[in-house]
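# Structural characterization, general
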Amino acid sequence: MRVYVPLTLPGLAAAHQAGEIGPGPLTAYGVTPGLREWYVSDDIEELEYAALSRAAAASLRLIAGNPDIARRRVVVAVDVPDGAAVADPDRSLDASSLGEVRIASSVALRDAAAVHVDADEAEEDVTAAAAALGAADLGDDDAQFAVDGAEDHELLWFGIQEIPNLIG
């Protein structure tokens, strides 16, 4: 199963140094039954993009919680064995946890398929989104507009061999 693990640039650097993303348990995002039902699509590419987008939103939350780190969202796409990523059946249709899965242990970075990172030009919008996230959660429309501004940026695709250049 392909899952998308939200990180930050320092988190990616730590994973690169350790050779693994962890320790577990890890929160990731994947194509779960709840995600399939919510997006009403049979197109696996659309569903995987939705899971990647959910992970990007989770990365934004990690960034918002730490004002001292780079304002670029990071998501690592990892292939894990079937059954290793488990969705909480009690929250499967909860909009805040769509696609969310738990992985019990760390994941070897060599199992990563790709790394997705914001381009440099997204930093201003990601910074604004991170600052506005709390207000957006409380229903502030202007703050939600700022959060949506970050989501308008597509994450760039990088091979795992490019990680040293990303964290450099």
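Structure's up top.
Residues numbered from 1 in each chain as written. Predicted model: local features only at pLDDT ≥ 70, side-chain atom pairs only at ≥ 80, totals over all residues. Heavy atoms only, no water.

Here the focus is the packing of helix 4 (residues 123-137) against helix 5 (residues 141-151). Contact pair helix 4 / helix 5: the axes reach a minimum separation of 7 Å and the direction vectors enclose 140°. It follows from the interaxial angle that helix 4 and helix 5 lie oblique. As helix 4 packs across helix 5, the resulting crossing turns out to be left-handed. Contact residues: helix 4 offers D125, V126, A128, A129, A132, L133, A135 and A136, while helix 5 offers A143, Q144, A146, V147, G149 and A150. (Axes fitted to C-alpha atoms, helices over the stretch in contact; angles between N-to-C directions. Helix = DSSP H or I, 4+ residues; strand = E, 2+ residues; numbered from the N terminus. Parallel < 35°, antiparallel > 145°, perpendicular 65-115°, else oblique. Left-handed = near helix turned anticlockwise from the far one by under 90°. Contact = heavy atoms within 4.5 Å.)

Now for the sheet that holds strand 9 (residues 156-158). The antiparallel open sheet is built from seven strands, whose spatial order is 5-6-3-1-4-8-9. A strand with exactly one partner marks an edge of an open sheet, and here the two such strands are strand 5 (85-86) and strand 9. Set on the sheet, helix 1 (residues 9-18) makes contact with strand 1 (2-7), strand 4 (74-79) and strand 8 (112-117); between it and strand 4 the angle comes to about 40°. (Pairing = 2+ DSSP bridges.)

Turning to the layout of surface pockets, a few remarks are in order. Here the largest pocket defines a volume of roughly 600 Å³. As for the largest pocket, its lining consists of 25 residues, and the residues nearest its centre are S53, R54, A56, A57 and E151. Counting only elements with at least two residues in the lining of the largest pocket, the list comes to helix 3 (44-64), helix 4 and helix 5. Per element, the largest residue contribution to the lining of the largest pocket is nine residues, and it comes from helix 3. Here the lining of the largest pocket is built from residues that sort into 13 nonpolar, five polar and seven charged. (1 Å grid on protein atoms, 1.4 Å probe; cavity = no way out; pocket = protein on both sides within 12 Å on 5 of 7 lines; lining within 4 Å. Points joined across faces, edges and corners; volume = space filled by probe spheres on them. Nonpolar A, V, L, I, M, F, W, Y, C, P; charged D, E, K, R; others polar.)

Glancing now at the environment of R2. With respect to the element layout, R2 can be found in strand 1. By relative accessible area, R2 is classed as partly exposed at 29%. Separated by 27 residues in sequence, R2 and Y29 have C-alpha atoms that sit 8.7 Å apart. Once residues lying within four places of it in the same chain are set aside, the contact partners of R2 are Y29, G30, E48, A77, V78, D79 and A113. Engagement of the side chain of R2 in a polar contact is seen with the side chain of D79, the distance being 2.7 Å. (Buried < 20%, exposed > 50% of the residue type's maximum accessible area, 1.4 Å probe, protein only. Polar contact = N/O pair within 3.5 Å; in protein donor to acceptor, adjacent residues only side chain to side chain.)

Here we take up the pairing of strand 1. Here strand 1 lies mainly inside the structure; five of its six residues are buried. Across six bridges, the pairing between strand 1 and strand 4 is antiparallel. Paired with P6 across the bridge in strand 4 is V75. Sheet analysis places strand 1 next to strand 3 (residues 26-30), joined by two bridges and oriented antiparallel. Across the sheet, the residue bridging to V3 is G30, located in strand 3.

Turning our attention to a negative patch on the surface. A cluster of acidic residues, D42, D43, E45 and E46, forms a negative patch at the surface. Tracing the backbone shows D42 in the loop between helix 2 (33-39) and helix 3. Of the residues examined, D42 reaches a relative accessible area of 77% and is grouped as exposed. (Patch = residues over 30% accessible without salt bridge, like charges linked within 9 Å, V, L, I, M, F, W, Y side chains within 5 Å. Areas by Shrake-Rupley, 256 points an atom, 1.4 Å probe, with all protein chains shown as cover. Salt bridge = Lys/Arg side-chain N within 4 Å of Asp/Glu carboxyl O. Lys, Arg positive; Asp, Glu negative; His and termini not counted. Charge placed at Lys NZ, Arg CZ, Asp CG, Glu CD.)

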